[in-house]
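Okay, here's what each chain looks like letter by letter:
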Amino acid sequence: MEVVKPFVKWAGGKGSLLPQLNKFYPLELKNETIDKYVEPFVGGGAVLINILQKYKVKEAYAFDINIDLINCYNIIKVNVDKLIKELSKKETQFLKLNLEERKKYFYDIRKEYNSYRIKENEQNIKRAVEFIFLNRTCFNGLYRVNKSGDFNVPFGRYKNPTICDADNLRNLSHLIKNVLFQYGDY
């Protein structure tokens, strides 16, 4: 399997720190006497993904306070092909547009995304598509909400953003098939 990467850009992501963090993984993880892993703040998932690719973990649990992020993980886990189909459509539509049209498209998606919320344990492909699209096309891949809970990051001016990395999403789906993702704080 190819090296799997986080599917979102995430502020505070640990991807660039993995070489240093690997030095601090417990010896018991390396010699397989630990077979459970709990990630209390999964975020972009760089550490979780790294551990799942390197070590035999029988049980893994990942939590986050961001309900939409957990929705994405669960959709990737159980319905990745439908997600890829819908994300690919968005990517094709977006990349055909000029800068001003892209900006309008982004704000239309953001407005739609902010017009509704999902419930705990709900799996919503439309919401996952919007979340990933906004993450890949907003300024610096930030996730920020205002006091009302509305996503408020502005449009990012990327020339050719990858919105749907189908191979990575499929590989991630396979990697996380036994992970329990749950909305909640630590």
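Residues numbered from 1 in each chain as written. Predicted model: local features only at pLDDT ≥ 70, side-chain atom pairs only at ≥ 80, totals over all residues. Heavy atoms only, no water.

Draft legend 1. A look at the pattern of salt bridges. In total, this model carries 11 salt bridges according to the counting rule given. We note a salt bridge from Asp-108 to Lys-104, for which the minimum N-O separation is 2.7 Å. Residue Asp-108 and its partner Lys-104 are both found in helix H5 (residues 99-114); the two are separated by 4 residues, about one turn of the helix. When its relative accessible area of 40% is taken as the criterion, Asp-108 is described as partly exposed. For Lys-104, a relative accessible area of 52% puts it in the exposed group. Here Arg-117 makes a salt bridge to Asp-150, at a shortest N to O gap of 2.7 Å. With a gap of 33 residues between them, Arg-117 in the loop between H5 and helix H6 (125-137) and Asp-150 in the loop between H6 and helix H7 (166-175) connect regions that are remote in the sequence. Residues joined in a network through salt bridges with shared partners are Lys-82, Glu-86 and Lys-89. (Salt bridge = Lys/Arg side-chain N within 4 Å of Asp/Glu carboxyl O. Helix = DSSP H or I, 4+ residues; strand = E, 2+ residues; numbered from the N terminus. Buried < 20%, exposed > 50% of the residue type's maximum accessible area, 1.4 Å probe, protein only.)

Draft legend 2. Inspection of the environment of Asp-35 at higher detail. Checked against the element boundaries, Asp-35 lands in the loop between helix H2 (27-30) and strand S1 (36-39). You can call Asp-35 partly exposed: its relative accessible area is 28%. Taking the C-alpha atoms as reference points, Asp-35 and Lys-14, separated by 21 residues in sequence, lie 22 Å from one another. For Asp-35, the contacting residues outside a window of four places in its chain are Lys-56, Val-57, Lys-58 and Glu-59. (Contact = heavy atoms within 4.5 Å.)

Draft legend 3. Region of the structure containing the sheet that holds strand S2 (residues 59-64). Taken in spatial order, the 3 strands make up an open sheet running S1-S2-S3, and their pairing is parallel. On the outer flanks of this sheet lie S1 and strand S3 (179-183), each paired with one strand and no other. Each neighbouring strand pair of the sheet contributes to a mean axis angle of 15°, computed without reference to strand direction. Where S2 meets S3, 5 bridges bridge the pair, whose relative direction is parallel. Pairing of Tyr-61 across the sheet is with Leu-180, part of S3. The sheet strands contacting helix H3 (residues 46-54) are S1, S2 and S3, and the helix crosses S1 at an angle near 170°. Each of S2 and S3 touches helix H4 (residues 67-95); the most contacted strand, S3, lies at about 155° to it. (Pairing = 2+ DSSP bridges. Axes fitted to C-alpha atoms, helices over the stretch in contact; angles between N-to-C directions.)

Draft legend 4. Fine view of the packing of aromatic side chains. Under the criterion given, the structure shown has 13 aromatic pairs. A centroid spacing of 6.1 Å and a plane angle of 45° characterise the contact between Phe-94 and Tyr-105, whose relative ring orientation is tilted. In this pair, Phe-94 sits in helix H4 while Tyr-105 sits in helix H5, placing the two residues 11 residues apart along the sequence. Using a relative accessible area of 2% as the deciding quantity, one classes Phe-94 as buried. What makes Tyr-105 buried here is its relative accessible area of 17%. Linked through ring pairs, Trp-10, Tyr-113, Phe-131, Tyr-143 and Phe-151 together constitute an aromatic cluster. Of note, Arg-127 hangs over the ring of Tyr-116, and the distance from its end group to the ring centre comes to 4.8 Å. (Phe/Tyr/Trp six-rings, centres within 6.5 Å; stacked < 30°, edge-to-face > 60°. Lys NZ or Arg CZ within 6 Å of the ring centre and 35° of its normal.)

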